[in-house]
Amino acid sequence: MIKVNTRDHAWHEGLTVRGLLDEEQFIFRHIIVRVNGEYVAEDDYAKAVIADGDDVMVLHLIAGG
Amino acid sequence: METTLKEYTYTPAKLHRGYANKSLYINVGDLSVIEKEVTEFMKEKFVGGKGFDLWYLWNAVTPETKWDSPENEIVMSAGPLGALTQYSGTGKTLVAAISPMTGIPIDSNAGGYFGPLLKLSGWDALELQGKAEKDVVIFIDGNKGVIRFEEGEEYPEDTHLLAEALTEHFAEDEADKVNVAVVCTGSAAKHGYMGMLNFSFYDPRRKTCRYKQAARGGLGTILRDKKIKALVVRFKGVTGNSNDVADLATINKIGIKYHKEMHDLDEKQNRMRTIGTANTVMVMNRYDLLPTRNFQTGGDPETYRIAPEVFVNHFLTQGIHDGCWYGCTMSCAKCADNFLLTSGPYAGSRVTVDGPEYECVAGLGSNLGIFDPQAILEENFYCDTYGIDLISFATGMAFVMECVQRGQITRENLGGLDLRFGNKDAVLELMHMMSRGEGFGKIAGLGIRRLKKIFVEEFGADEKLLNDIGMENKGLEYSEYCHKESLAQQGGFAMTNKGPQHDEAWLIFMDMVNNQIPTFEDKAYALHYYPMFRTWFGLCGLCKLPWNDIVPADNYKTDTPAKVPEHVQNYVDIFNAVTGKSIDKEELVRQSERVYNFQRVFNLRMGHGKRNEDYPPYRSCGPVSAEEYLSRLSLYDGQLREKQGLDPEKMSLDEKIAKTRAYRLDQYEQLMDAVYRRRGWTMDGVPLPEHLREIGMDLPEVLEVVEKHL
């Protein structure tokens, strides 16, 4: 189990940031990802592996019209 | 065509550090004109823009004033940063009046050239009071120092004809048209309460007028009630330092850096330059936030038909600068050129349609069950030219359609109009009926609050159900976000000063998706900071979009990326560089807090503004119907388990809906308590005298109002 924005999310072996965003259907383009507080650049999403127990923050930077 | 009724000459004030230091009062009843001094007191307490509007309005009206009382004023002001050309979004006009929808002050804002050109003509604000006997056009020539009143009866009513005619009439030649800006409304504004104001700017590439709208709260209705056909300003000579700023070099430096951000990052971030605010339609659909069929659900499988790419690929002209004021590189005012109208009095004409903005696609599209881009653009055009606030219209007609869906009213009650979800022809026909003042078109524009009363009293509809599904608060219709899973945004809409418009606070992702503000205190902090911060745009004449619809590449490194700290600092630095003052980011919020609390007290003075008016309809908070509950069954059942310790397997659907409702309404009460505490108000929503003293809004007349309610 991992935390995504402080909520529980099922973990599986080989889960990457890209995989997590796809599972959650986080399609918004303008987001910031931090894993255990460390920033993950967009170019690294596919290779950034998430470990069991990690705390992932996916901040959507959208604040309406 | 014109007959001059009166002419007044004046010496245009030269701007200094962002202010003309003069304001213009016009009474259209007797065509009197008064030049007023803008005092240091006004600048200190109210800054400008919306602040000046509210201060003048306060002094013009009494607690007994109604929207159609002669003393009600329409007040307009650009703000001290208005008419800059170095930074994006510096061309807003802020407008205020006592609203026909709500009975309290409404404030609304628009791009276009009017506000900046008014200021450059020597006026920090414009008050319009009284009522004319016949239609009048007010023309201000800021170069010649002339204010002229002309008869307006002979001009067409609808904006796309009226503004073109007036631009042609008042411009000295073709090249001069960019120096002319018109404020007007349309033929539907006199039938109902949701008439809006169009603000023109001339597009020399398309050779036509373009329009932005101060749409909320019935400002256009008031304009027509005063028989003001239009306001026109002409000013030639916009320069890079028209404001005579204190520190031009700083403004230039900040502007250059900002424009580079826009150039480098917009395509990766929100694509404002390509599609404008409608870029979020599919995002809202995915995150269950796109209001669909009167906010019943947050999306629909058909939404792809009205996706941003559909408009970009098939309708919107690309590659032409679309800024609504000089220097705005965000350039988000998109439009569809050569659009062929298929209905109404202008069927067969090809026109330029400004938009669609997000609210248009969501409101006139999904919320009415219409997933047809052609129809949305045609609705958009007719709302604009007829002078209809499309948000109030869309949310209002979504309510009517659900009343039909649930058998609360019949087609016969609507004079034969088949207002079922998805019927675009009926929606367009209703707009034409509103323009003509016929049938249901005579009352459709009164707004949900009054329609509820009519449906209950005359058609026997269920009052409780209508109160649940009618998406209005304080008499104003909600803007287009299905926010029932965000407690913070429920407050962000219903705990506003003027009614549920999202320009005060938009916290849905921060709350619902990012989960950044989980506690009541966190939400209360957000419902203090963001409304105060965003109010400041309205004090200064700024557009909100450049704040956070583009952010610096390294914004992620900051502790508070949602605040976009670098851009906040830009605003502090630009304010100081224009005015020569020395504020910091805390004083920026404090400037807003003074005006925000003043507006709250203004509501009290008008007999409103307490806790009992800050409650949302239940549709805003949770599932009203069985279908809504079932559409999010696992979410709602999960919440019964996790938050209330109940076993949904042992409950009927009605019991689950009832328990969910009781829980959510209790959450909202707790949120109100926390927000009122954070804002320095009593638990009845009244600003405390000590708080007013602390923020510097302890004017005797303000304290006098407050003390009656403690």
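Computed from a predicted structure; not experimentally measured.

Engineer: What is the right way to read the overall build of chain B from this model?
Structural biologist: Helix and strand counts for chain B come out as 26 helices and 17 strands. In terms of C-alpha radius of gyration, chain B reaches 24 Å, essentially the compact-globule figure of 27 Å for 710 residues. Across its three principal directions, the C-alpha atoms of chain B cover 80 × 55 × 55 Å. Residue burial in chain B is summarised as follows: out of 710 residues, 59% are buried.

Engineer: Would you take a moment to explain the overall build of chain A for this structure?
Structural biologist: Secondary structure summary: chain A contains one helix and five strands in total. In chain A, the succession of helices and strands from N to C terminus is β-β-α-β-β-β. Over its C-alpha atoms chain A spans a radius of gyration of 11 Å, differing by no more than 12% from the 11 Å that the globule rule assigns to 65 residues. Taking the principal axes of its C-alpha atoms as reference, chain A extends roughly 40 × 25 × 20 Å.

Engineer: Looking at this structure, how should I read the domain arrangement of chain B?
Structural biologist: Buried accessible area, meaning the area lost when the parts come together, often serves as the stated size of an interface. Residue and element names in this part refer to chain B. Once the domains are mapped, chain B shows domain 1 (4-234), domain 2 (266-477) and domain 3 (487-550 + 583-707). Centre-to-centre separation of domain 1 and domain 2, based on C-alpha positions: 26 Å. Taken together, the contact pairs 42 residues of domain 1 with 36 residues of domain 2. Of all the secondary-structure elements, those providing two or more residues to the side of domain 1 that touches domain 2 are α4 (159-170), β11 (197-203) and β12 (208-214).

Engineer: Even after reading the chapter, I still don't get the interface of chain B and chain A, so can you show me in this structure?
Structural biologist: On the chain A side, the residues contacting the 19 residues of chain B number 17 residues. Looking at the side of chain B that touches chain A, the elements that each hand over two or more residues are α7 (281-286), α9 (358-365) and α16 (508-513) of chain B. The residue makeup of the side of chain B that touches chain A, split by class, is 10 nonpolar, seven polar and two charged.

Engineer: Where do I start with helix α12 (residues 424-436) of chain B in this structure?
Structural biologist: Residues and elements named next belong to chain B. For α12, built from 13 residues, the straight-helix expectation of 18 Å at 1.5 Å per residue is met to within 8% by its first-to-last C-alpha distance of 19 Å. Its buried side turned inward, α12 meets α10 (373-386) and α11 (390-405). Phi turns positive one or two residues past the end of α12, at G437, with a value near 70 degrees.

Engineer: Looking at this structure, I do not really get the nonpolar core. What am I missing?
Structural biologist: Considering soluble globular proteins, one finds that nonpolar side chains tend to be buried as a cluster. Of all hydrophobic cores here, the largest spans 240 residues; its most connected members are V75(B), L219(B), A230(B), V232(B), I388(B) and M397(B). Not counting chain neighbours up to four residues away, the residues in contact with V232(B) comprise V137(B), F139(B), L166(B), F170(B), V180(B) and V182(B).

Engineer: Any chance you could explain the packing of helix α2 (residues 50-60) of chain B against helix α20 (residues 585-605) of chain B here in plain terms?
Structural biologist: A pair of packed helices is captured by two measures, namely the crossing angle of their axes and the spacing between those axes. Residues and elements named next belong to chain B. Two numbers describe how α2 lies on α20: the axes approach to 10 Å, and their chain directions differ by 30 degrees. When the axes of α2 and α20 are compared, the pair comes out roughly parallel. When you trace α2 past α20, the crossing you get is left-handed. Contacts from K50, G51, L54 and W58 in α2 reach V595, F598, Q599 and F602 in α20.

Engineer: What's the story with the environment of G276(B) in this structure? I'm lost.
Structural biologist: Residue and element names in this part refer to chain B. Along the chain, the position of G276 falls in the loop between α6 (248-265) and α7. Separated by 155 residues in the primary sequence, G276 and M431 place their C-alpha atoms 25 Å from one another. Those residues in contact with G276 that sit more than four places away from it in its chain are C332, A333, K334 and E357.

Engineer: Which parts of the structure should I look at to understand the sheet that holds strand β6 (residues 105-110) of chain B?
Structural biologist: Two modes of strand pairing occur in sheets, parallel and antiparallel, and in both the strands are linked by backbone hydrogen bonds. All names here are of chain B. Across the sheet, six strands lie side by side as β3-β2-β7-β4-β5-β6; this open sheet has mixed pairing. In this open sheet, the two strands that pair with only one neighbour each are β3 (32-37) and β6. When the angles between neighbouring strand axes are averaged without regard to direction, this sheet yields 15 degrees. Across four bridges, strand β4 (residues 74-77) lies against strand β7 (residues 125-129) in antiparallel orientation. Paired with V75 across the bridge in β7 is E127. Here α2 sits on the sheet and contacts β4, β5 (93-98), β6 and β7; the angle it forms with β5, its principal contact strand, is near 25 degrees.

Engineer: Before we go on, may I ask you to explain the sheet that holds strand β4 (residues 38-40) of chain A in this structure?
Structural biologist: All names here are of chain A. One open sheet holds the five strands; their spatial order is β2-β1-β5-β3-β4, and the pairing between them is mixed. Single-partner strands in this sheet number two, and they are β2 (7-9) and β4. Each strand of the sheet is rotated relative to its neighbour by a mean of 30 degrees, with strand direction disregarded. Of the strand pairs in this sheet, strand β3 (residues 31-35) and strand β5 (residues 55-60) are connected by five bridges, and their pairing is antiparallel. The residue of β5 that forms the bridge with I32 is L59.

Engineer: Any chance you could explain the environment of I454(B) here in plain terms?
Structural biologist: Structurally, I454(B) can be placed in helix α13 (residues 448-459). Distance in space between the C-alpha atoms of I454(B) and I443(B) is 9.4 Å, their sequence separation being 11 residues.

Engineer: In this structure, what is going on with the environment of E378(B)? I would like to understand it.
Structural biologist: Relative to the helices and strands, E378(B) resides in helix α10. Apart from the residues lying within four places of it in its own chain, the contact partners of E378(B) are L341(B), T342(B), S343(B) and L428(B).

Engineer: Sorry if this is basic, but what is going on with the packing of α10(B) against α12(B) here?
Structural biologist: Residues and elements named next belong to chain B. Viewed as axis vectors pointing N to C, α10 and α12 meet at an angle of 10 degrees, and their least axial separation amounts to 10 Å. With respect to α12, the axis of α10 lies roughly parallel. In contact with A375, E378, E379, Y382, C383 and Y386 of α10, α12 contributes K424, V427, L428, M431, M434 and S435. Here the residues of the contact of α10 with α12 sort into eight nonpolar, one polar and three charged.

Engineer: What is the right way to look at helix α17 (residues 520-540) of chain B in this model?
Structural biologist: An α-helix turns once per 3.6 residues; consequently, residues spaced three or four apart project the same way. End to end, α17(B) covers 31 Å across 21 residues, agreeing with the expected 30 Å (1.5 Å per residue, within 8%). After α17(B) finishes, the residue G541(B) shows a positive phi value of roughly 90 degrees.

Engineer: Help me understand the confidence of the model for chain A, please; the structure alone is not making it clear to me.
Structural biologist: Detail in the predicted coordinates should be disregarded across regions flagged by low pLDDT. Summing up the model confidence of chain A, the mean pLDDT is 94 and the portion of residues at 70 or higher is 97%. When mean pLDDT is compared element by element in chain A, strand β1 (residues 2-4) of chain A scores highest at 97, while β2(A) scores lowest at 94.

Criteria and cut-off values
- Residues numbered from 1 in each chain as written.
- Chains lettered and ligands numbered in written order.
- Predicted model: local features only at pLDDT ≥ 70, side-chain atom pairs only at ≥ 80, totals over all residues.
- Helix = DSSP H or I, 4+ residues; strand = E, 2+ residues; numbered from the N terminus.
- Rg over C-alpha atoms; globule rule 2.2 N^0.38 Å.
- Buried ≥ 20, exposed ≤ 12 C-beta atoms within 10 Å, placed from the backbone.
- Domains from an automatic or database assignment.
- Contact = placed C-beta atoms within 7 Å.
- Nonpolar A, V, L, I, M, F, W, Y, C, P; charged D, E, K, R; others polar.
- Expected span 1.5 Å × (residues − 1).
- Core = buried A, V, L, I, M, F, W, Y, C linked by C-beta atoms within 7 Å.
- Axes fitted to C-alpha atoms, helices over the stretch in contact; angles between N-to-C directions.
- Parallel < 35°, antiparallel > 145°, perpendicular 65-115°, else oblique.
- Left-handed = near helix turned anticlockwise from the far one by under 90°.
- Pairing = 2+ DSSP bridges.
- pLDDT = per-residue confidence, 0-100.

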